[in-house]
Amino acid sequence: KSIRVWDIAAAPPVCAGELRGHTAAVTSLAAASGGRAVSGGADCSIRVWDLALMRETLRLDGHTGLVHGVMVLGDMALSISQDKSIRVWDVRAGESVTTLETRSRGCYGMALHELKLLSA
């Protein structure tokens, strides 16, 4: 339900804090520019975090299944879910801009290669 933020520059490394907001397990995490992070969880939500302030700045809802993966591309976030969909989110507007429906039993991972999105 939480994300630990580690200061690995310290000797020895120390936990600098925790980000709390998900109501179930955090299942995916990605770093973003501007001192942000994006997470997905078993609560079907995507959360955007400000790492300097150590707080949630945005909650994105739309999936109906566990979120297996997230990635960030500028002001866009992508999420892949057990609900058989991949969503593209506009983080500035706080909304889903498109949904890709897959034919599989669930979606478990994704990667980007040039302008191609790979999913499994």
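Here we summarise the structure given alongside this text.

What counts as what
- Residues numbered from 1 in each chain as written.
- Predicted model: local features only at pLDDT ≥ 70, side-chain atom pairs only at ≥ 80, totals over all residues.
- Heavy atoms only, no water.
- Core = buried A, V, L, I, M, F, W, Y, C linked by side-chain atoms within 4.5 Å.
- Buried < 20%, exposed > 50% of the residue type's maximum accessible area, 1.4 Å probe, protein only.
- Contact = heavy atoms within 4.5 Å.
- Pairing = 2+ DSSP bridges.
- Helix = DSSP H or I, 4+ residues; strand = E, 2+ residues; numbered from the N terminus.
- Axes fitted to C-alpha atoms, helices over the stretch in contact; angles between N-to-C directions.
- Salt bridge = Lys/Arg side-chain N within 4 Å of Asp/Glu carboxyl O.

## Quick word on the nonpolar core
Inference 1: Formed by A30, V38, I46, V48, L58, L60, V67, V70, A77, W89 and V91, the largest nonpolar core amounts to 11 residues.
Inference 2: Apart from residues no more than four positions distant in its own chain, V38 is found in contact with S28, L29, A30, I46, R47, V48, V70 and V72.
Inference 3: Counting residues in each nonpolar core, the second largest holds seven residues, with M71, V88, C107 and M110 among its members.

## Some words on the sheet that holds strand β8 (residues 76–81)
Inference 1: The four strands lie next to each other as β7-β8-β9-β10, forming an open sheet whose pairing is antiparallel. Of all strands in the sheet, those with a lone pairing partner are β7 (67–73) and β10 (95–101), marking the two edges. On average, each strand axis in the sheet is inclined to that of its neighbour by 20 degrees, with strand direction left out of account.
Inference 2: Note that strand β9 (residues 85–90) and β10 share six bridges and pair antiparallel. Looking across to β10, one finds that S85 is bridged to E101.

## Brief notes about the sheet that holds strand β3 (residues 26–32)
Inference 1: The strand order β3-β4-β5-β6 describes an open sheet built from four strands, whose pairing is antiparallel. In this open sheet, the two strands that pair with only one neighbour each are β3 and β6 (55–60). Geometrically, the sheet is characterised by an average inter-axis angle of 25 degrees between neighbouring strands, direction not taken into account.
Inference 2: Bridge count for β3 against strand β4 (residues 36–41) is six bridges, and the pairing is antiparallel.

## Observations concerning the pattern of salt bridges
Inference 1: Applying the stated criterion across every chain yields a total of five salt bridges.
Inference 2: Residue R47 pairs with D43 through a salt bridge whose shortest N-O separation is 3.2 Å.
Inference 3: Exposure remark for D43: the relative accessible area of 15% places this residue in the buried category.
Inference 4: Among the ionic contacts, a cluster of salt bridges with common partners joins D43, R47 and E56.

## Notes on the pairing of β9
Inference 1: A large share of β9 lies buried, amounting to five of its six residues.
Inference 2: Pairing between β8 and β9: five bridges, direction antiparallel. Across the sheet, S79 pairs through a bridge with R87, a residue of β9.
Inference 3: Where β8 folds back on β9, the antiparallel hairpin that results is connected by three residues, among which K84 adopts a positive phi of roughly 75 degrees.
Inference 4: With antiparallel pairing between neighbouring strands as the criterion, β9 and β10 make up a hairpin whose turn holds four residues, including G94 at a positive phi of roughly 70 degrees.

## Remarks on unusual backbone geometry
Inference 1: Note the cis peptide between A11 and P12, where omega equals 0 degrees.
Inference 2: Inspection of the secondary structure puts P12 in the loop between β1 (2–7) and β2 (14–20).
Inference 3: Its identity is not glycine, yet K84 carries a phi of approximately 75 degrees, on the positive side.
Inference 4: Turning to its location among the elements, K84 is positioned in the loop between β8 and β9.

## A closer look at the pairing of strand β5 (residues 46–50)
Inference 1: When you tally the buried positions in β5, you get four out of five residues, the bulk of the element.
Inference 2: In this structure, β4 lies alongside β5, joined through five bridges in antiparallel fashion. Bridged to G40 within β5 is I46.
Inference 3: The antiparallel pairing of β4 with β5 creates a hairpin that spans four residues between the two strands, and C44 there sits at a positive phi of about 70 degrees.
Inference 4: In terms of strand pairing, β5 meets β6 through five bridges, oriented antiparallel. Looking across to β6, one finds that I46 is bridged to L60.
Inference 5: Between the end of β5 and the start of β6, which pair antiparallel, lie four residues, with M54 showing a positive phi angle near 55 degrees.

Distances and angles like these do not, on their own, reveal function.
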